Amino acid sequence: MSQTVSKKDVLHIATLARLKFDDEQAERFTNDLNNILGYIDKLNELNTDNIEPTSHALDIYTVTRPDKAEASLSNEDAIRNAPQSENGMFRVPKVIE
Amino acid sequence: MLGKTLKELSEALNKKEFSSAELTQFYLDRISKYDGEICAYNYINENVINQAKAVDEKRAKGETLPVYAGIPMALKDLIIQKDMPATCSSKILEGFVPPFQGTAAQLLEDAGFLCLGKLSMDEFAMGSSNETAYRKKTRNPWDTSRVPGGSSGGSAASVAAGLTTFALGSDTGGSIRQPASLCGITGMKPTYGRVSRFGLIAFASSLDQIGPMTSNISDNAAILSVIGKYDKKDSTSLNVAQEDYAKYLTGDVKGMKIGVPKEYFAEGIAPDVRECVNKAIKAYEGMGCEIVEISMPHTEYAVATYYIIATAEASSNLGRYDGIRFGFRADADNLKDMFYESRSQGFGDEVKRRIMLGTYVLSAGYYDAYYIKAQKVRTLIKQDFVNAFEKVDAIICPTSPTTAFKAGEKMSDPLQMYLSDINTISLNLYGGCGLSMPCGFGADGMPVGVQLLGKYFDEGRLYNLAYAFEQQAKLPVMPEKLK
Amino acid sequence: MSYEPVIGLEVHVQMSTDSKIFCTCSNKFGAEPNTNVCPVCLGMPGVLPVLNEKVVEYTVKAGLALNCQIRSKSVFARKNYFYPDLPKAYQISQYELPICEHGYIDIELEDGTQKRIGITRIHIEEDAGKLNHEAGCSLVDLNRTGTPLMEIVSEPDLRSAEEAKAYLMKLKTILEYVEVSDCNMEEGSMRCDANVSIRPDSNAPFGTRAEIKNVNSFRNVERAIKYEQKRQEKVLNEGGKIVQETRLFNADTGITASMRGKEDAHDYRYFPDPDLVPIVLEDKFIDDLKAWMPELPDAKLARFMSEYGLSGMDADFLVSAKAYGQYFEQAVKAHNNPKAVCNWIMGELMRRLNDKQCTIFEAGISPENLAEIVKLIDEGKISGNIAKQVFDETAETGKKPADIVAEKGLVQNSNEDELEAIVKQVLDANPAETERFKGGEVKLQGFFMGQIMKASKGKANPAVVAPLLKKLTS
């Protein structure tokens, strides 16, 4: 089967998705993705030039709500699930670029 | 208490044949007896017995109670029940206790139901065998060496094993219908927009829908009557009137046109499954239905289309699991590592595979070739349904190509696993309603399910068709050894 | 070698709604950390966005005011990237089908000519939260998450830092007129990114551009662009090449620095948000908003000049804030002397606004009271000096100017007999100066007028005094 994605591609996609793989995993995921993409290639049998894309099952438009503020969560409820918090805020390790 | 419909349970409670506490304890006892082997429950609500007692007290005082007051049920572990853990069977959500109530859970609560606990599933609903669950890999009650199907495997198994009165599941590409079929119960995927998705942890937003999983048709209709309500909190919920589906259950199906799409009976369908489904079709013919052979030519493209759209949406929906506001966080001394480590340690392989595929099909240079292409083919698949429903009232076909397979059998080949959803996926792309109900047993003695597909908001008709068959077929709904 | 800069601005404007864009949390600035948050804006599992109707209304109002075409159908898209201030790891925005397109603003250049600046698009999106960097960690506050934003993207039509500033100020004025934002750059309710490139001359193709982020005041827009222009000129003159990149402006040092590295992996993977449905606007909705539209600055300027005979400079000042024009017209309605009313607003009233750091309607002087002061001057009842005193007293006490004048006996004295006596008294008291004045030392006129005012406690009508002084010294 032709290689649609290389291991390098897989590592790039992993970066976009904030996932990391060791060598063995990268091989495996490259292989899996190529299998699936190979199957997906089947869609190219269809000519879809004049077909509109569908992003929603139903044609619903312009769903809005009134601009009315209501009670928010308490700070305690907002942060109680956080692995780390400090001064009512979510604590994260330092940002290094 | 087993084998009673919800209506019968409600009447028995009102007549004080047994109390809510007794009923609840009955299920708790069954859970402690059987769930060690079946592994359906991720979480058991310790407090439910007290809630049942509170209902009994109110009943004793003669207070007016909602119709299903004090009847216990259980939820798939991606449906939010306030203050109860919601893990999606994923390590990354361990410890998350939602501080808010989901709409489906609220509607059930308003109707009087009590929540026994949360049911295992494939991780983030990604899987067809419940084997991608981080902890509880649920097994099929009919044969615990086999899978219950997925992703609502815990829901299907718990209903089949009598570990709850009914359960809610969710269906993105067959996740209610396929496990219902494999476990010999009834599962309905309602029309997209019928049940609010507020409180449903998203896999693929344009396809996901909550639905009831029950041991009989009238319970299923009863539950959808409760949860099938327009919700302002879900922009994709359609503002149509709530219905009492019980009124459709007449058993009179004479003159209805049922389509048999040849593409759903393709090579991969096992002979014993085919035979059972053909018997069901014959039964409908006998009841005065007109059976019409139809064609849905784009069916073979559904799996490919689905795996692009669903994974693209999932790759975005699952970005929020970053270890900051809830759930699992890996130790890391800088932010970048925290993102990578939390997500890499927190997600299982199948979830990663789908995030990777979804990220790839949306990435620069591939968006048109994959994502837009899939959305266009979705239009064609939708059109197949629209065309079919111009000719027929409902569509009948096998739910799953095979009966429940052995645990471990398909885990090494993701693509083979994806293809087990071949008959259920198209419906989600269209957005209509679909129901799976038992129609017999395969050569291996495992349940076989038949699927009825309907147009938008035509659940009532499907329920009536299913009810007519159920009344005639009178199939056993629970393994003998569990009674 | 000299170069011409080519500048386009991307302006983010926070809308002044009561609630956030996709949830019902309050949209107020300045609350305790993570108290204006809910499961929806925290991006908890299982939540869904529902669009605030005012956000659509405000954006269409802005679009109409900026001469845009309003799309009958627009779509929300997800912009995917990871950062701790973005809870869902995607920002809900608009990408392929924004709500407004193809607009323009006319700005006035230094030489008095007008220039039309194109507006490519306006789209709706949600704001992110805030990171507070501490030693060894960062703390995330998500109160701002979900604040409704409109992003207004200009064409690369601007050719100098001054033009960019003029564009921004005009934009702010227009948005204030249609009441969609308070456009407070210091509080961050209006933020600006600038795309800057340079080219040898105005016929050359556009150069490679740098995107300058984090420009948060009108002055800094000018500074940042000027700095970037010089930096790029230096690179080219030294034989280098401009790199397409994002640069961060530092207001303390006044320089821009590359954010390279952070941008490496940016591929936002936009796709239509399946949780939100398209916005489809009916003609009636747009027509109703058109009918609602207030008079905009350009039209008001023209009318102020023709209707009130004001100079371009005066009118320009009065339309620079919607409230100024309102105040002015209310005052003129009470007393029809537009030029004098305008002078009082630009002078005394603005001084007071600066002192008190308040808005024009909060300064303690109602338009009617200001008009009354001008009227008292025009009727010759008080002098200009006394008027300032009356102004201050009215502002402090809220009393009617006429009442203050009556109470304190501040009415101007025009009685020739009484004033002649005072003039004589002053001349007698200053014999030396009187001699010199009679001898033709004209500049002593001021000295005598001052002395006479002093002697009359400021009440002498100068128009009556001047001829008396002349008569008694000739």
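Refer to the structure printed above.
This text gives an overview of the structure that appears in the document. Here the structure is a predicted model, which is why all the values come from computation and not from measurement.

**A short note on the nonpolar core**
General note: in soluble globular proteins, nonpolar side chains tend to be found buried as a group.
And step 1. Among the nonpolar cores identified, the biggest contains 211 residues, and L108, F113, F124, L168, Y284 and F385 of chain B are the most heavily contacted of them.
And step 2. Per-element tally for this core: the top contributor is helix α12 (residues 367-391) of chain B, with 11 residues.
And step 3. Once you skip the residues sitting within four places of it in the chain, L108 of chain B turns out to touch M73, L75, F113, F166, L168, I223, V226 and I227 of chain B.
And step 4. Core analysis: the next-biggest nonpolar cluster, separate from the first, contains 61 residues, V56, I124, L168 and L175 of chain C among them.

**Digging into the packing of aromatic side chains**
Residue and element names in this part refer to chain B.
And step 1. Enumeration over the complete set of coordinates arrives at 38 aromatic pairs over all chains.
And step 2. Pairing F389 with Y430 gives two aromatic rings, centres 6.0 Å apart and planes at 35°, and the pair type is tilted. Here the residue F389 occupies a position in helix α12, and Y430 occupies one in helix α14 (residues 425-430), the gap between them amounting to 41 residues. For the pair shown, F389 and Y430 are each scored as buried.

**Some words on helix α11 (residues 349-362) of chain B**
And step 1. Taking 1.5 Å per residue as the helical rise, α11 of chain B with its 14 residues ought to reach 20 Å, and the 20 Å between its terminal C-alpha atoms agrees with that figure.
And step 2. With respect to burial, α11 of chain B is a largely interior element, 13 of its 14 residues being buried.

**Details of the sheet that holds strand β16 (residues 271-272) of chain C**
Residue and element names in this part refer to chain C.
And step 1. Across the sheet, 3 strands lie side by side as β6-β5-β16; this open sheet has antiparallel pairing. The two strands at the open ends of the sheet, each matched to only one other strand, are β6 (90-93) and β16.
And step 2. Relative to β16, strand β5 (residues 77-80) runs antiparallel, the two sharing 2 bridges. Each residue of the ladder has a partner; that of A77, found in β16, is P272.

**Here we look at the sheet that holds strand β10 (residues 137-141) of chain C**
And step 1. Across the sheet, 4 strands lie side by side as β2(A)-β3(A)-β10(C)-β9(C); this open sheet has antiparallel pairing. Every other strand in the sheet has two partners, leaving β2 (85-86) of chain A together with β9 (130-134) of chain C as the edge strands with one partner each.

**Here's the deal with the interface of chain B and chain C**
And step 1. Contacts between the two partners involve 38 residues from chain B, matched on the other side by 30 residues from chain C.
And step 2. Taken over both partners, the interface formed by chain B and chain C buries close to 2,700 Å², and the fraction arising from carbon and sulfur atoms is 63%.
And step 3. Taken as a group, S235, R320 and R325 of chain B account for 22% of the area that chain B buries against chain C, more than any other trio of residues on that side.
And step 4. Between D275 of chain C and R197 of chain B there is a salt bridge, with the nearest N and O atoms lying 3.1 Å from each other.
And step 5. Viewed at the interface, chain C and chain B are joined by 13 residue pairs in polar contact (both at pLDDT 80 or more).
And step 6. Counting only elements with at least two residues in the side of chain B that touches chain C, the list comes to α9 (302-317), α10 (335-346), α11 and α12 of chain B.
And step 7. Top element by residues in the side of chain B that touches chain C is α9 of chain B. It accounts for 4 residues.
And step 8. Among the residues making up the side of chain B that touches chain C, the classes are represented as 19 nonpolar, 10 polar and 9 charged.

**Description of the layout of surface pockets**
All names here are of chain C.
And step 1. Space inside the second largest pocket adds up to approximately 1,400 Å³.
And step 2. As for the second largest pocket, its lining consists of 36 residues, of which M169, K172, T173, S320 and A321 are closest to the centre.
And step 3. For the lining of the second largest pocket, the elements supplying multiple residues, two or more each, are β7 (100-108), α2 (161-177), α5 (297-308), α6 (312-319), α7 (322-334) and α8 (338-356).
And step 4. Of all the elements, α2 adds the most residues to the lining of the second largest pocket, at 7 residues.
And step 5. Structurally, the lining of the second largest pocket is a two-domain feature, drawing no fewer than three residues from each of domain 1 (4-288) and domain 2 (295-407).

**Focus on the interface of chain A and chain B**
Interfaces are frequently sized by the accessible area removed from exposure as the parts join.
And step 1. Between chain A and chain B, the residue contacts involve 53 residues of the former and 63 residues of the latter.
And step 2. Of the roughly 5,500 Å² buried where chain A meets chain B, counting both sides, 67% is carbon and sulfur surface.
And step 3. Of all residues in chain A, the largest losses of buried area upon contact with chain B belong to Y39, L43 and N81 of chain A, amounting jointly to 12% of the total for that side.
And step 4. The interface formed by chain A and chain B contains 5 salt bridges.

**Focus: the pairing of strand β8 (residues 114-126) of chain C**
Along a regular strand, successive side chains alternate from one face of the sheet to the other.
All names here are of chain C.
And step 1. For β8, the tally of buried residues reaches 10 of 13 residues, placing the bulk of the element in the interior.
And step 2. Across 8 bridges, the pairing between β7 and β8 is antiparallel. Within β8, the position partnered with E101 by the bridge is R121.
And step 3. Joining the antiparallel neighbours β7 and β8 is a turn of 5 residues, in which G112 adopts a positive phi near 90°.
And step 4. Pairing between β8 and strand β11 (residues 148-154): 7 bridges, direction antiparallel. Its bridge partner being in β11, I119 is matched across the sheet by S154.

Here is what the cut-offs are and how they apply
- Residues numbered from 1 in each chain as written.
- Chains lettered and ligands numbered in written order.
- Predicted model: local features only at pLDDT ≥ 70, side-chain atom pairs only at ≥ 80, totals over all residues.
- Heavy atoms only, no water.
- Core = buried A, V, L, I, M, F, W, Y, C linked by side-chain atoms within 4.5 Å.
- Buried < 20%, exposed > 50% of the residue type's maximum accessible area, 1.4 Å probe, protein only.
- Helix = DSSP H or I, 4+ residues; strand = E, 2+ residues; numbered from the N terminus.
- Contact = heavy atoms within 4.5 Å.
- Phe/Tyr/Trp six-rings, centres within 6.5 Å; stacked < 30°, edge-to-face > 60°.
- Expected span 1.5 Å × (residues − 1).
- Pairing = 2+ DSSP bridges.
- Buried area = accessible area lost by both parts, 1.4 Å probe.
- Salt bridge = Lys/Arg side-chain N within 4 Å of Asp/Glu carboxyl O.
- Polar contact = N/O pair within 3.5 Å; in protein donor to acceptor, adjacent residues only side chain to side chain.
- Nonpolar A, V, L, I, M, F, W, Y, C, P; charged D, E, K, R; others polar.
- 1 Å grid on protein atoms, 1.4 Å probe; cavity = no way out; pocket = protein on both sides within 12 Å on 5 of 7 lines; lining within 4 Å.
- Points joined across faces, edges and corners; volume = space filled by probe spheres on them.
- Domains from an automatic or database assignment.

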